[in-house]
Amino acid sequence: MGRAEERKARQRGGRRAAPGRRSSPPAAPGTPEILESPGGTTRTVRAPQTEGGTRAERRKAAAKGGAVKDGKPAKGRIRRLFTWKKMLGTFLGLCLLGIGGFIVLYMMVSVPAGNSLAQTQSNVYKYSDGSVLARKGTVNREIVDLSKVPKDVQHTFVAAENKSFYSDNGIDLKGMARGLYNTARGRGTQGGSTITQQYVKNYYLDQNQTVTRKLKELVISLKVDREKSKDEILAGYINTSYYGRGAYGIQAAAQAYYRVDAQDLTVEQGAYLAALLQAPSQYDWAVAGPIGKRLVQDRWNYTLNNMVGQGWLDKTKRDTMKFPVPKEPKAASGLEGQKGYLVDLANTQLENQLMKTQGLTRSEAEAQVVDQGWTITLNIDPKRQAKLEAAVKGQLTGKLDGKKRTVDKNVQAGAVSVDPKTGKIVALYGGIDYYKHYTNNATRADYQPASTFKPIILAAALDQDAKTQDGKEINANTVYDGTSGRPVKGSDIAFSPPNEDDADYGDITVQTAMNKSVNSVFAQMGVDVGMKNVMKVADDLGLDTTNLPAVPAQTLGSMGASPLEMAGVYATLDNHGKKVTPTVLASAEKTGRKVDPPDPIGDPVISMSAADQVTSVLTGVVDDGTAKVSVAQNPLRKGQQVAGKTGTSDNNKSAWFTGYTPDLVTSVGLFGEDYKKHSQVSLTGATGLIPGTGRINGGGYPAQIWATYTFGVTKKQKFELNTDLGAAVQPTESPSKSAPPSETPSETPSQTPTKSAPPSDTPSNSPSQSPTTSAPPSNSPSNSPSQSPTGGITDNPLDPAADDFQ
């Protein structure tokens, strides 16, 4: 055999042997042959299989699930389908398909004409009877050239929103992929858009969270980035964005927050405006709660630190910067009196609904609500609204004279009235005037509810079937030791709160303790029930107890709460334990769209028997306790059955009366707020009409406002109670030892004692340290969640160490 033939043989898998040189007899079928070449070397050649069939036959056998006769298993169908070659080919095919689809999309989608101005229009707000409450829609926008915005201020927006703005191609692929995935899965949005994308969304598209809109945003952003300079895009972005306070664009925002033109903004002020864009309403310093203030300061610091990292701001200069507190807002025309408060609350509740149902961020929800052509109907009854406003004026504000007494300038009132059967807010008082006091006193939650919290403790005890330390069931007739300053038993944290005027009541029933608001009794009851249980029931009833410590000091109502929240709590009691979430929003409609709020009436959160026994006990507070003169003996009452509770906080910074009839619940709060600094101050001495110390009590002006309003709009009814305990069904038991209360509204026995222990820094201090005289929160900046990192900005109204005695 020649070399050429040998090569061919090797290519066929073997070498042809020379004739007559086979070294052994023919091998058995299927065994290898040993061949010798002419050179004397031997090679092993695989012999052809004579059993088991040909390769084609073996493949057919494998396809049928069989095996070849040599024992080797056949490949499975799935294994043959998912070979790496096929998977790679499929992946590359999909990639090519996606690229091709994007090219087609890019060719088909063009940059549309801007439409933001066309989308901005008036909202119409109506009372429950259909009459117009207000129209709001004057667009507060003034376009300014980017050259009139300081370069450092321009950089604040880039640092806050899109550090790579000057170098990217206008899109964030990772953010877009996440957004598309979440939208397709119905999970809402997670941000991640570039400044270009946000500008495109604001100016060319809309806020709808759909896959189609996001794909258009992607394509248009790429085209806009190619067609426009970065300065043009940045100018468009800061001029079309919404900053809150009705301000569109940086010029309107500069005027709304700092009373300056955009060209006069400082870096600090620019950083605040840039931070606002994430959540304009939540971050507006004038109305933000402690959490909102902390978050916007974090965002402000984040922005400036990014500027340092980008080389746009000197670190030494950055370290000297202080948070620039904005000026008080000036309300737009048409929202005078109570209108602005009602409109803002309606907007907020509509935004909350959109966030819940559509997965929007706060900023996106605001952009869909503010000046977007909605017709919004409120639950407010215009007749009851007028009665409430008249009651506040007649019983309080008409008696204030800031020229004679500086303290009169510090008095703020708030009230919310709710139908307990429907959850509708039928009347609301937010302050003297929306133009004069922007903060809504009806919804602010920075003042202590004081002794209006005590019914919650009793509700928790009854619902949990709690027992005293000696194993007795807690109910209206349970006897407690009412000794002032008595150390609480069974608590890991020492606590011994004094009663009003250090009065000792000896052994008294829970009913009498509620009538006289005896602190020592309810401090012990809270520990008997378990403070974690008490705080859970408080949350279930409607108070926000997030991150509040479950400590005995909370039994004195030392957390923050709003009249809106307290009205919801008492409405739930009035509604036999079924949860009531007060709502001002009846409906919201615009072209092709309608939003209905969720049902304000929920499932039971405490048992009917527990709720009804609390109501029964609270009738005693009105008939025989701290509200007797202003409510029970009010000539307008005419036999109407009433349940309620007074409250007056430490240092007389707040005074409350929250009460209810079978068909109406109203919470009235008075708050001492320094008219210049807006810090919490005492109400004592206001009006100049209170004899003695001049202390404003819950049984005084708040109860008088409540009675004047309620007895003018409610119908005479009796409570239908599922209980045989409490003042509504049993005579009030007299205490064995008591200091007789005065029946004048100015000196009720439930007010803050004149004797108290030294100030407490925290509720975990020794028993001799009463939290009732803790230092004002503004003196403890380290405890304030809204404290500026660069200096004291606000006080901490949620300090659990602050006591209440009424």
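Computed from a prediction, not measured in an experiment: that's the story for all the values here.

### Focus on the nonpolar core
Counting residues in hydrophobic clusters, the biggest one holds 88 residues, and the most contacted among them are Leu350, Ile376, Leu378, Ile425, Phe453 and Met525. Setting aside its immediate chain neighbours within four residues, Leu350 contacts Val369, Trp374, Ile376, Leu585, Ala588 and Val595. Val224, Ala252, Tyr258 and Leu277 belong to the second-largest nonpolar core, a separate cluster that totals 50 residues.

### A few points about the packing of aromatic side chains
Taken as a whole and judged by the stated rule, the model has 17 aromatic pairs. A centroid spacing of 4.9 Å and a plane angle of 40 degrees characterise the contact between Trp285 and Phe323, whose relative ring orientation is tilted. Here Trp285 is found in the loop between α13 (280–283) and α14 (290–309), whereas its partner Phe323 is found in the loop between α15 (315–319) and α16 (339–358), with 38 residues between them in sequence. The residues Trp285 and Phe323 share a single accessibility class, namely buried. Seen from their ring centres, Tyr570 and Tyr660 are 6.1 Å apart, and the 80 degrees between their planes marks the pair as edge-to-face. Within this pair, whereas Tyr570 is found in helix α23 (residues 563–574), its partner Tyr660 is found in strand β17 (residues 654–661), the two being separated by 90 residues in sequence. Each member of the pair, Tyr570 as well as Tyr660, carries the same accessibility label: buried. Note that Lys230 overlies the ring of Phe165, its terminal NZ or CZ placed 4.7 Å from the centroid.

### A short note on α16
The end-to-end C-alpha distance of α16 is 28 Å, a good match for the 28 Å that 20 residues give at a rise of 1.5 Å each. Among the residues of α16, Gly340, Tyr341, Leu342, Val343, Leu345, Ala346, Asn347, Gln349, Leu350, Glu351, Gln353 and Leu354 are the ones counted as buried. Looking one or two residues past α16, Gly359 carries a phi angle of roughly 70 degrees, positive in sign.

### Considerations on unusual backbone geometry
Positive phi is not limited to glycine here, since His576 has a value of about 60 degrees. Along the chain, the position of His576 falls in the loop between α23 and β12 (578–580). When its relative accessible area of 25% is taken as the criterion, His576 is described as partly exposed. In this structure, His678 is a non-glycine residue whose phi angle is positive, near 65 degrees.

### What to know about the side chain of Thr240
Relative to the assigned elements, Thr240 resides in helix α10 (residues 230–240). Within the local environment of Thr240, its side chain forms a polar contact with the backbone oxygen of Gly236, the two atoms lying 2.8 Å apart. Look past the residues within four positions of Thr240 in its chain and what remains in contact with it is Arg141, Tyr199, Asn202, Tyr203 and Tyr248.

### Comments concerning the pairing of strand β8 (residues 411–418)
The element β8 is extensively covered by neighbouring structure, given that eight of its eight residues are classed as buried. As defined by bridge partners, β8 adjoins strand β18 (residues 664–672) across eight bridges and the pair is classed as antiparallel. Following the sheet pairing, Ala415 is matched in β18 by Val668. Pairing of β8 with strand β9 (residues 425–429) involves four bridges; the strand directions are antiparallel. Bridge pairing in β9 links Val418 to Ile425. Between the antiparallel neighbours β8 and β9 lie six residues, among them Gly423 with a positive phi of about 80 degrees.

### Side note on the sheet that holds strand β14 (residues 593–595)
Taken in spatial order, the five strands of this open sheet run β4-β3-β7-β13-β14, and their pairing is mixed. Here the strands that pair on one side only, and so sit at the sheet edges, are β4 (132–136) and β14. Along the sheet, successive strands turn relative to each other by an average axial angle of 15 degrees, direction set aside. Sheet analysis places strand β3 (residues 123–126) next to strand β7 (residues 375–378), joined by three bridges and oriented parallel. Within β7, the residue paired with Lys126 across the bridge is Thr377.

### Section: the packing of helix α19 (residues 454–463) against helix α21 (residues 519–529)
Running from amino to carboxyl end, α19 crosses α21 at an angle of 35 degrees, the nearest separation of the two axes being 10 Å. As α19 runs across α21, the sense of the crossing is left-handed. Residue-level contacts link Lys454, Ile457, Leu458, Ala460 and Ala461 of α19 to Asn519, Phe522, Met525, Gly526 and Val529 of α21. Classifying every residue of the contact of α19 with α21 gives seven nonpolar, two polar and one charged.

### Focus: the pattern of salt bridges
Considering all chains together, one arrives at 15 salt bridges under this definition. One salt bridge connects Arg444 with Asp446, and the closest N-O pair in it is separated by 2.9 Å. Using a relative accessible area of 10% as the deciding quantity, one classes Arg444 as buried. A salt bridge links Glu673 to Arg444; the nearest nitrogen and oxygen atoms lie 2.7 Å apart. Highlighted residues: Glu673 in the loop between β18 and α26 (701–713) and Arg444 in the loop between β9 and α19, separated in sequence by 229 residues. Under the relative-accessibility criterion, Glu673 is labelled buried at 3%. One salt-bridge network, held together by shared partners, links Arg444, Asp446 and Glu673.

### Some details on the side chain of Glu673
Here the side chain of Glu673 touches His437 through a polar contact of 3.0 Å, side chain to side chain. Residues within four places of Glu673 in sequence aside, it is in contact with Lys409, Asn410, Gln412, His437, Arg444, Tyr447, His678, Ser679 and Val681.

### A few points about the packing of helix α8 (residues 195–203) against α10
Running from amino to carboxyl end, α8 crosses α10 at an angle of 55 degrees, the nearest separation of the two axes being 9 Å. Judged by the angle between their axes, α8 and α10 are oblique. For the crossing formed where α8 meets α10, the hand is left-handed. From α8, Ile195, Thr196, Gln198, Tyr199, Asn202 and Tyr203 reach across to α10, where they touch Ile233, Leu234, Gly236, Tyr237 and Thr240.

### A look at the sheet that holds β17
Across the sheet, which stays open at both edges, the five strands sit in the order β9-β8-β18-β17-β16 with antiparallel pairing between neighbours. Among the strands making up the open sheet, the edge pair consists of β9 and β16 (643–648). Strand-to-strand twist in this sheet, taken as the mean axis angle between neighbours without regard to direction, amounts to 5 degrees. In terms of strand pairing, β16 meets β17 through six bridges, oriented antiparallel. Each bridged residue has a counterpart across the sheet, and for Thr646 the counterpart in β17 is Phe657.

### Details of the environment of Asn652
The topology assignment puts Asn652 in the loop between β16 and β17. Among the residues examined, Asn652 registers a relative accessible area of 1% and is labelled buried. Spatially, the C-alpha atom of Asn652 lies 8.0 Å from that of Val681, the residues being 29 residues apart in sequence. With near-sequence residues (within four places) excluded, Asn652 lies in contact with Val681, Ser682, Leu683, Thr684, Arg695 and Ile696.

### Thoughts on the confidence of the model for the protein
Per-residue confidence for the protein gives a mean pLDDT of 81; residues scoring 70 or more make up 71%. Across residues 14–24, confidence stays below pLDDT 50; counting only partners more than four residues off in sequence or on other chains, it has 23 contacts. Contacts from residues 187–191, a stretch scored under 50 in pLDDT, to residues over four places away or in other chains number 15 contacts.

### Observations concerning the pairing of β18
For β18, the buried fraction is high: nine of the nine residues fall into the buried class. Along β18, one buried face is formed by Leu664, Thr666, Val668, Leu670 and Gly672 and the opposite face, lined by Val665, Ser667, Gly669 and Phe671, is buried too. Bridge count for β17 against β18 is eight bridges, and the pairing is antiparallel. If you follow Tyr660 over to β18, its bridge partner there is Val665. Connecting β17 to the antiparallel partner β18 that follows it, the hairpin turn spans two residues.

Cut-offs applied
Residues numbered from 1 in each chain as written. Predicted model: local features only at pLDDT ≥ 70, side-chain atom pairs only at ≥ 80, totals over all residues. Heavy atoms only, no water. Core = buried A, V, L, I, M, F, W, Y, C linked by side-chain atoms within 4.5 Å. Buried < 20%, exposed > 50% of the residue type's maximum accessible area, 1.4 Å probe, protein only. Contact = heavy atoms within 4.5 Å. Phe/Tyr/Trp six-rings, centres within 6.5 Å; stacked < 30°, edge-to-face > 60°. Helix = DSSP H or I, 4+ residues; strand = E, 2+ residues; numbered from the N terminus. Lys NZ or Arg CZ within 6 Å of the ring centre and 35° of its normal. Expected span 1.5 Å × (residues − 1). Polar contact = N/O pair within 3.5 Å; in protein donor to acceptor, adjacent residues only side chain to side chain. Pairing = 2+ DSSP bridges. Axes fitted to C-alpha atoms, helices over the stretch in contact; angles between N-to-C directions. Left-handed = near helix turned anticlockwise from the far one by under 90°. Nonpolar A, V, L, I, M, F, W, Y, C, P; charged D, E, K, R; others polar. Salt bridge = Lys/Arg side-chain N within 4 Å of Asp/Glu carboxyl O. Parallel < 35°, antiparallel > 145°, perpendicular 65-115°, else oblique. pLDDT = per-residue confidence, 0-100.

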